[in-house]
Amino acid sequence: MVNVSKKIILSSNSPRRKELLAGLDLPFEVKVLSGIDESYPDGLSVEEIPQYISRQKAAAYEIADDEIVITADTVVAVGNEILGKPIDETDARNMLHTLSGKTHQVVTGVCITSKDKQRVFSVVSEVTFKCLSDQEINYYIRHYRPFDKAGAYGIQEWIGYVGVTSLKGSYFNVMGLPVQRIYEELCREFGVFVE
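Figured I'd write up the structure that's included with this text. (Residues numbered from 1 in each chain as written. Predicted model: local features only at pLDDT ≥ 70, side-chain atom pairs only at ≥ 80, totals over all residues. Heavy atoms only, no water.)

## Side note on the overall build of the chain
Turning to step 1, where the next piece is worked out: Broken down by element type, the chain carries 7 helices and 9 strands.
Turning to step 2, where the next piece is worked out: In terms of overall dimensions, the chain is globule-like: its C-alpha atoms have a radius of gyration of 17 Å, near the 16 Å expected for 195 residues.
Turning to step 3, where the next piece is worked out: For the C-alpha atoms alone, the extent of the chain along its principal axes is close to 50 × 40 × 25 Å.
Turning to step 4, where the next piece is worked out: Expressed as a percentage of its 195 residues, the buried residues of the chain come to 46%.
Turning to step 5, where the next piece is worked out: Accessible surface, the chain as shown: approximately 9,600 Å² in total, 47% of it carbon and sulfur.
Turning to step 6, where the next piece is worked out: Here the chain carries 21 positive and 27 negative side-chain charges, and the mean point of each set is 2 Å from the other. (Helix = DSSP H or I, 4+ residues; strand = E, 2+ residues; numbered from the N terminus. Rg over C-alpha atoms; globule rule 2.2 N^0.38 Å. Buried < 20%, exposed > 50% of the residue type's maximum accessible area, 1.4 Å probe, protein only. Areas by Shrake-Rupley, 256 points an atom, 1.4 Å probe, with all protein chains shown as cover. Lys, Arg positive; Asp, Glu negative; His and termini not counted. Charge placed at Lys NZ, Arg CZ, Asp CG, Glu CD.)

Dropping the structure here:
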């Protein structure tokens, strides 16, 4: 049994994040506040951007004494270019062309916050794609509509099966939530334990 002394709140609409956190066998609820500004100041490094945004998300909550709030943000970076969520098919196509035949970084920033403590960190994974054909890119966009995903792809979907040639780091981080690191932080800093 996994014991938690406080109520855990996941602040995310992502079904993938909900599924990943559920894999830790922790009781939690989903609570999402709308209208949070996800912009960030110029000059931040690739690792600092999702940390900054996850901190902004956490700051929007009034956290009770018995609560722990988990917020996260994921970015995809090719060199210094940040790929967010595509706005339309053309944008998604351009992003996938940018990733094609290259190695990119997937960086998830996480903020775990209680009334008296906050832990902020980022986890980086490196993903390499083969050279994707126009037909493969068009097929993926048409059938999977990846408009809610940073970098316009989900590694757990068809494009990951046919396109990803190597992965260095956490697979779950690429899906959007570095659950192993979250588990470690919850155990070390927030009183979660297994019995």
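There's plenty left to go through after this.
## Some points on a nonpolar patch on the surface
Turning to step 1, where the next piece is worked out: Residues Leu167, Tyr171 and Phe172 make up a contiguous nonpolar surface patch of about 250 Å² in total accessible area.
Turning to step 2, where the next piece is worked out: Structurally, phenylalanine 172 is set in helix α6 (residues 171–175). (Patch = residues over 30% accessible without salt bridge, like charges linked within 9 Å, V, L, I, M, F, W, Y side chains within 5 Å. Salt bridge = Lys/Arg side-chain N within 4 Å of Asp/Glu carboxyl O.)

## What about the pairing of strand β4 (residues 67–78)?
For a regular strand, side-chain orientation follows a simple rule: the groups alternate between the two sheet faces.
Turning to step 1, where the next piece is worked out: In terms of burial, β4 is a largely internal element, 12 of the 12 residues being buried.
Turning to step 2, where the next piece is worked out: Here β4 shows a buried face lined by Glu67, Val69, Thr71, Asp73, Val75 and Ala77 and a second buried face lined by Ile68, Ile70, Ala72, Thr74, Val76 and Val78.
Turning to step 3, where the next piece is worked out: Sheet analysis places strand β2 (residues 7–11) next to β4, joined by 5 bridges and oriented parallel. Among the inter-strand pairings, isoleucine 8 is bridged to a residue of β4, identified as isoleucine 68.
Turning to step 4, where the next piece is worked out: The pairing of β4 with strand β6 (residues 103–113) spans 9 bridges and is classified as antiparallel. Each residue of the ladder has a partner; that of valine 75, found in β6, is valine 107.
Turning to step 5, where the next piece is worked out: Note that β4 and strand β5 (residues 81–83) share 3 bridges and pair antiparallel. Across the sheet, the residue bridging to alanine 77 is isoleucine 82, located in β5. (Pairing = 2+ DSSP bridges.)

## Some words on the side chain of asparagine 173
Turning to step 1, where the next piece is worked out: With respect to the helices and strands, the residue asparagine 173 is situated in helix α6.
Turning to step 2, where the next piece is worked out: What makes asparagine 173 buried here is its relative accessible area of 0%.
Turning to step 3, where the next piece is worked out: Here the side chain of asparagine 173 touches valine 123 through a polar contact of 3.1 Å, landing on its backbone oxygen.
Turning to step 4, where the next piece is worked out: Other than its neighbours up to four places away in sequence, asparagine 173 contacts Val106, Thr108, Val123, Val124, Ser125 and Pro178. (Polar contact = N/O pair within 3.5 Å; in protein donor to acceptor, adjacent residues only side chain to side chain. Contact = heavy atoms within 4.5 Å.)

## Describing the environment of tyrosine 61
Turning to step 1, where the next piece is worked out: If you trace the backbone, tyrosine 61 turns up in the loop between α2 (48–59) and β4.
Turning to step 2, where the next piece is worked out: Relative accessible area serves as the criterion here: at 9%, tyrosine 61 is assigned to the buried category.
Turning to step 3, where the next piece is worked out: In this structure the C-alpha to C-alpha distance between tyrosine 61 and leucine 33, which are 28 residues apart in sequence, comes to 8.0 Å.
Turning to step 4, where the next piece is worked out: If sequence neighbours within four positions are ignored, tyrosine 61 has contacts with Ser11, Lys31, Val32, Leu33 and Val69.

## Here's the deal with the packing of helix α3 (residues 89–99) against helix α4 (residues 134–144)
Turning to step 1, where the next piece is worked out: For the pair α3 and α4, interaxial distance at closest approach is 10 Å and the crossing angle is 135 degrees. In this view, α3 runs oblique relative to α4, as classed from their interaxial angle. Relative to α4, α3 is oriented so that their crossing is right-handed. Counting all contacts with α3, which are made through Glu89, Ala92, Arg93, Leu96 and His97, the residues of α4 involved are Asp134, Ile137, Asn138, Tyr140 and Ile141.
Turning to step 2, where the next piece is worked out: Each residue belonging to the contact of α3 with α4 can be placed in one class, and the counts come to 5 nonpolar, 2 polar and 3 charged. (Axes fitted to C-alpha atoms, helices over the stretch in contact; angles between N-to-C directions. Parallel < 35°, antiparallel > 145°, perpendicular 65-115°, else oblique. Left-handed = near helix turned anticlockwise from the far one by under 90°. Nonpolar A, V, L, I, M, F, W, Y, C, P; charged D, E, K, R; others polar.)

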